[in-house]
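Structure assessment
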Amino acid sequence: MNLRSFCLLFATTIFVVSCDNTGSSADTHALQAENLSVYVYENDKYACVSDSAGNLLDNNDLVFIYEGKNIRIDEGGAIIGLKSGTTTKVEVEDKSGNKGSFNIEVINREYTSTHQEAEENEGWFDSINVEKISEPNVGSNFINGMDISSSKQLYDNGARFYNFDGYEQSLFQILYDNNVNWIRLRLWNQPYDILDDGSLFQYGGGNCNLESVLWMAKEAKEAGLKIKLDFHYSDFWADPSKQVIPKEWANLTSVNDFSLAIYNYTKEVLEAMSAIDALPSMVSIGNEICDGLLLQLPGGETTSYTGNNPNYINEMTAQSSALAGKYSSNGNNTNLIAYLSAASQAVRAVDENILIMIHYVNGFGNTNRHIQFYKDLASVDYDVIGLSAYPYYHFSNGLNTLINGLQLIENNFPNKYICIAETSYGFTYETDSWASNIFSSSGTASPISGYEANIQGQANLIRDVTNVIANLNNGLGVFYWEGAWTPTKFSGWADAASKASWANQALFSYNGKALGSLSTYSKMMP
């Protein structure tokens, strides 16, 4: 690869006088470095440094020194723009001590909107007001988290993100700057079909394979964010209605085989994340497993885009009862316990400090089900009770339903942390050609009393749910679900023909600018 092809032609030569050990002046050896202009997450931009004779140097033999988080220089001198409207001076030195410097400007691509009328009329970027949460002992370990599992696919398809002032920045930096301190990433084993010609049919929904998760995890760590990794142990969405076995495990024939597959996969993933210094601080061993794990066998291949579930889901069939990790209240949960224990043991084998979550979902009007579920899994080694808490699904009668339900759960499990693994709320009913929003003015996902469908209502909901968790003795924090899922072409909930289902519950406008409600995380904390 000719690195010069990735550089601009504006060279600036910096002459540096080097000295010998006695302090006397030696020959002048200057490195010549080209100034660069880049965009946020623009690909194929490299530092271009030459010696005094004009010979291009290998970036791997150079040391780059700079301050701040406006840019990053990765292995091989790859330049990553993170915050536009900035210029960063970079010092460069070779193995012989010769030095030079150059500047990297991150250029702002001006925010443009396809929904300007709604933005203005509904006040999407107005300032919000929220009360401080009432728990005075919330410290730096309390989780203000956000699931951004679709962010890699969004970036791949051209999405951009902007701060309150309209400057393009890395999504991860915007979140960090607004007091979000954790992100949540889902992981699917193999979210694609390998077709006869060797090509891949991508399932979509974030394309959350390991490669994508590693990229997002690295960006999160670089920005200063902690990571919660959500193992689905499936090739696509896992939830109460479907827990489909990964295709690569479909022919396994014993509980021991499945347990070993779970153990090895979990350990290998965490080791891969550790290798890039992006080990998660918490993992969820399964996603919304109220009915269990590995319950269905996968369907066949999908070869054309329909905007719907792949055949992997559409043609799924029930796994045999002898192998399924089915949950049964007060029943035989041997398989499920074996599978969860295998996952837990793998996590502990990599790092005993990683918190382990078991994630359950049910309405908070009857928490006896929650309590029985976790009692039945008492033999599993885990740390965190993780709960989905969507207001329109799980406490539509009002916040007191959530408060009372969580208090009963904590009373029964005083030695476990409690964390809201998922919550969200809508801020608009605006439509978009690439959105098919679940949240609407009527239906199952609609506003509840006391919370209007605008950025202030959204902010109030985030603050109030956070306040409930903060006032528990063992409340760990809250993750907002898919808060940056903008309606970007080819980035819907399923394949490339599908649409985003969560755009009007995000904390960014449809074109990627931070809503006023994103400031909730800074304004509500004591």
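Here, the structure is the one placed above.
Residues numbered from 1 in each chain as written. Predicted model: local features only at pLDDT ≥ 70, side-chain atom pairs only at ≥ 80, totals over all residues. Heavy atoms only, no water.

Below, the discussion takes up the overall build of the protein chain. Of the regular secondary structure elements, the protein chain holds twelve helices and 25 strands. Expressed along its principal axes, the backbone C-alpha trace of the protein chain runs to roughly 80 × 55 × 50 Å. Relative to all contacts within the protein chain whose residues are 6 or more apart in sequence, the contacts with residues 24 or more apart total 73%. When the accessible area of the protein chain is evaluated, it comes to approximately 21300 Å², of which 44% is carbon and sulfur surface. Of the charged side chains in the protein chain, 31 are positive and 59 negative, and the gap between their average positions amounts to 4 Å. (Helix = DSSP H or I, 4+ residues; strand = E, 2+ residues; numbered from the N terminus. Contact = heavy atoms within 4.5 Å. Areas by Shrake-Rupley, 256 points an atom, 1.4 Å probe, with all protein chains shown as cover. Lys, Arg positive; Asp, Glu negative; His and termini not counted. Charge placed at Lys NZ, Arg CZ, Asp CG, Glu CD.)

Turning next to the environment of N314. Mapped onto the fold, N314 is located in helix α6 (residues 311-314). Owing to a relative accessible area of 47%, N314 belongs among the partly exposed residues under this scheme. In this structure the C-alpha to C-alpha distance between N314 and G299, which are 15 residues apart in sequence, comes to 6.7 Å. (Buried < 20%, exposed > 50% of the residue type's maximum accessible area, 1.4 Å probe, protein only.)

Its place among the elements puts Y162 in the loop between α2 (151-156) and α3 (171-177). On the basis of relative accessibility, which here comes to 3%, the residue Y162 falls in the buried class. Expressed as a C-alpha distance, the spacing of Y162 and K513, which sit 351 residues apart in the sequence, is 4.4 Å. Ignoring sequence-local partners within four residues, the contact set of Y162 consists of N108, R109, E110, Y111, Y167, E168, I174, F508, N511, G512, K513 and A514.

All right, on to the nonpolar core then. Counting residues in each nonpolar core, the largest one holds 147 residues, and the members touching the most others are L229, Y233, I358, L406 and F508. When near neighbours in sequence (up to four residues on either side) are disregarded, L229 contacts L185, L187, V213, V269, L270, M273, P280, M282, V283 and S284. Grouped together as the second largest cluster of nonpolar side chains are nine residues, W182, M282, V384 and L476 included. (Core = buried A, V, L, I, M, F, W, Y, C linked by side-chain atoms within 4.5 Å.)

Given 3.6 residues per helical turn, the α-helix brings residues three or four places apart onto the same face. Every buried residue of helix α8 (residues 368-376) is accounted for by H370, I371, F373, Y374 and D376. Of the surrounding secondary structure, the elements contacted by the buried residues of α8 are α7 (334-350), β22 (355-360), β23 (384-388) and α10 (399-412).

Moving on, we get to the sheet that holds β22. A barrel is described by the order of its strands in space; here eight strands give the closed sequence β12-β13-β16-β17-β22-β23-β24-β25, paired in parallel fashion. For this sheet, the mean inter-axis angle between neighbouring strands, taken without regard to orientation, is 25°. Taken together, the four bridges between β22 and β23 define a ladder with parallel strand orientation. Bridged to Y360 within β23 is L387. Against the sheet, helix α5 (residues 255-275) makes contact with β13 (182-187), β16 (226-231) and β17 (282-285), and its axis sits at roughly 155° relative to β16, the strand it touches most. Of the strands in this sheet, β12 (143-147), β24 (417-422) and β25 (475-480) touch helix α11 (residues 455-470), which is tilted by about 155° from β25. (Pairing = 2+ DSSP bridges. Axes fitted to C-alpha atoms, helices over the stretch in contact; angles between N-to-C directions.)

All right, on to the pattern of salt bridges then. All chains considered together, the criterion is met by 20 salt bridges. Put simply, K95 and D61 hold a salt bridge, and the shortest N to O gap is 3.4 Å. With a gap of 34 residues between them, K95 in the loop between β10 (86-93) and β11 (99-106) and D61 in the loop between β6 (49-50) and β7 (63-65) connect regions that are remote in the sequence. Classification of D61 as partly exposed rests on a relative accessible area of 33%. Here R463 ties to D464 by a salt bridge, and the two come within 2.9 Å at their closest N and O atoms. Taken individually, R463 and D464 each receive the classification buried, so the pair is uniform in this respect. If you follow the salt bridges from partner to partner, you end up with D147, R184, R186, D230, E422 and E482 in one network. (Salt bridge = Lys/Arg side-chain N within 4 Å of Asp/Glu carboxyl O.)

This next bit is on the sheet that holds strand β5 (residues 36-38). Remark on secondary structure: sheet strands pair via backbone hydrogen bonds, oriented parallel or antiparallel. Across the sheet, four strands lie side by side as β5-β11-β10-β7; this open sheet has mixed pairing. This sheet does not close on itself; its edge strands, each paired only once, are β5 and β7. Along the sheet, successive strands turn relative to each other by an average axial angle of 30°, direction set aside. Here β10 runs beside β11; their pairing, made up of eight bridges, is antiparallel. In the sheet register, E93 faces β11, and the bridge partner there is K99.

Here β25 lies mainly inside the structure; five of its six residues are buried. Bridge count for β12 against β25 is four bridges, and the pairing is parallel. From the neighbouring strand, G145 faces β25, where its bridge partner is F479. The β-α-β motif built from β24, the intervening α11 and the parallel element β25 has right-handed crossover chirality. (Right-handed = clockwise from strand over helix to strand, strands pointing away.)

Note on placement: F479 falls in strand β25. Overall, the relative accessible area of 0% leaves F479 in the buried class. Remark: the alpha-carbon pair of F479 and A30, spanning 449 residues in sequence, is separated by 51 Å.

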